[in-house]
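Given next are the chains, with one letter for each unit.
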Amino acid sequence: MKIRIYYEDTDAGGVVYHTKYIAFCERARSEIFFQNGITFENDGFVVRDIQATFLKPAKLGDLIEVKTKIDLIKRSFVNITQKIYKDENLFFEAKIKLVFLKNWKIATIPSSYKKILERLK
């Protein structure tokens, strides 16, 4: 997913706020789910753990790309890696564990969702 950096994403010096990298990853991840029919009405995936590595600062006007890779699919969780690039340069990397919740409790990922995730892997 490509994202343009706007003024609202930056500090007064035109450098992207650190929290925005995580928001960009969330947006890209959600878009993947929506495009593949994974909805969030009474259940869904939530972030359980996140390890973020900030490598270079993105700046006002940059066009960045969020790339998402599914690393591991288990009964109730999915491990993914999301990387943010500008051109071929890596700016940010996050290793994320998503757990599946149903009625606000950790639950088994539905088989229909698992099939979609396996296909995307």
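Rules behind the numbers
Residues numbered from 1 in each chain as written. Predicted model: local features only at pLDDT ≥ 70, side-chain atom pairs only at ≥ 80, totals over all residues. Heavy atoms only, no water. Helix = DSSP H or I, 4+ residues; strand = E, 2+ residues; numbered from the N terminus. Buried < 20%, exposed > 50% of the residue type's maximum accessible area, 1.4 Å probe, protein only. Contact = heavy atoms within 4.5 Å. Areas by Shrake-Rupley, 256 points an atom, 1.4 Å probe, with all protein chains shown as cover. Lys, Arg positive; Asp, Glu negative; His and termini not counted. Charge placed at Lys NZ, Arg CZ, Asp CG, Glu CD. Polar contact = N/O pair within 3.5 Å; in protein donor to acceptor, adjacent residues only side chain to side chain. Core = buried A, V, L, I, M, F, W, Y, C linked by side-chain atoms within 4.5 Å. Salt bridge = Lys/Arg side-chain N within 4 Å of Asp/Glu carboxyl O. Arc of directions from axis to C-beta. pLDDT = per-residue confidence, 0-100.

Caption draft 1: Structural detail: the overall build of the protein chain. Secondary structure assignment for the protein chain yields two helices and six strands. Traced from its N-terminal end to its C-terminal end, the protein chain shows the element sequence β-α-β-β-β-β-β-α. In terms of its C-alpha atoms, the protein chain occupies a principal-axis envelope of roughly 45 × 25 × 25 Å. Burial analysis of the protein chain (121 residues in total) assigns 36% to the buried set. Sequence-distant contacts in the protein chain: of pairs separated by 6 or more residues, those separated by 24 or more amount to 62%. Put simply, the protein chain shows about 7,400 Å² of open surface, and 51% of that area lies on carbon and sulfur atoms. Charge separation in the protein chain, taken as the distance between the mean sites of 22 positive and 15 negative side-chain charges, equals 7 Å.

Caption draft 2: Molecular detail of the side chain of Arg 29. Mapped onto the elements, Arg 29 comes out in helix H1 (residues 18-35). Of the residues examined, Arg 29 reaches a relative accessible area of 5% and is grouped as buried. Separated by 2.2 Å, the side chains of Arg 29 and Glu 26 make a polar contact. Residues in contact with Arg 29, not counting those within four places in the same chain, are Val 47, Ile 80, Gln 82, Ile 96 and Leu 98.

Caption draft 3: Geometry of the nonpolar core. Within the largest apolar cluster, 29 residues are counted, with the highest numbers of intra-cluster contacts made by Phe 24, Phe 45, Val 78, Ile 84 and Leu 117. Mapped by element, the contributors of at least two residues to this core are H1, strand E3 (63-73), strand E4 (77-86), strand E5 (89-102) and helix H2 (111-120). For this core, the element with the most residues is E5, which contributes six residues. Not counting residues up to four positions away in its chain, the partners in contact with Phe 24 are Ile 3, Ile 5, Asp 9, Val 16, Ile 64, Val 66 and Ile 84.

Caption draft 4: Geometry of the pattern of salt bridges. One pass over the full model with this rule turns up six salt bridges. In this structure, Asp 9 and Lys 20 form a salt bridge, with 3.4 Å as the shortest nitrogen-oxygen distance. A residue pair is termed long-range when its members are at least 10 positions apart, and Asp 9 in the loop between strand E1 (2-4) and H1 and Lys 20 in helix H1 qualify at eleven residues. Put simply, Arg 29 and Glu 26 hold a salt bridge, and the shortest N to O gap is 2.2 Å.

Caption draft 5: Spatial organisation of the side chain of Thr 81. Assignment of secondary structure puts Thr 81 in strand E4. We classify Thr 81 as buried; its relative accessible area is 6%. Separated by 2.5 Å, the side chains of Thr 81 and Asp 71 make a polar contact. At 3.3 Å, the side chain of Thr 81 and the side chain of Lys 95 are in polar contact. If we skip the residues at most four places from it in the chain, Thr 81 touches Lys 67, Thr 68, Lys 69, Asp 71, Glu 93, Ala 94 and Lys 95.

Caption draft 6: Geometry of H2. For H2, the set of buried residues is Tyr 113, Ile 116 and Leu 117. Axial view of H2: buried residues confined to an arc of 95 degrees, hence all on one face. Exposed side chains of H2 directed beyond 90 degrees from the buried face belong to Ser 111, Lys 115 and Arg 119. Of the surrounding secondary structure, the elements contacted by the buried residues of H2 are H1, strand E2 (43-54), E3, E4 and E5.

Caption draft 7: The arrangement of the confidence of the model for the protein chain in detail. Scored by pLDDT, the protein chain has a mean of 95; 100% of the residues are at 70 or more. The element-level mean pLDDT for the protein chain is lowest in H2, coming to 94, with E4 highest at 98.

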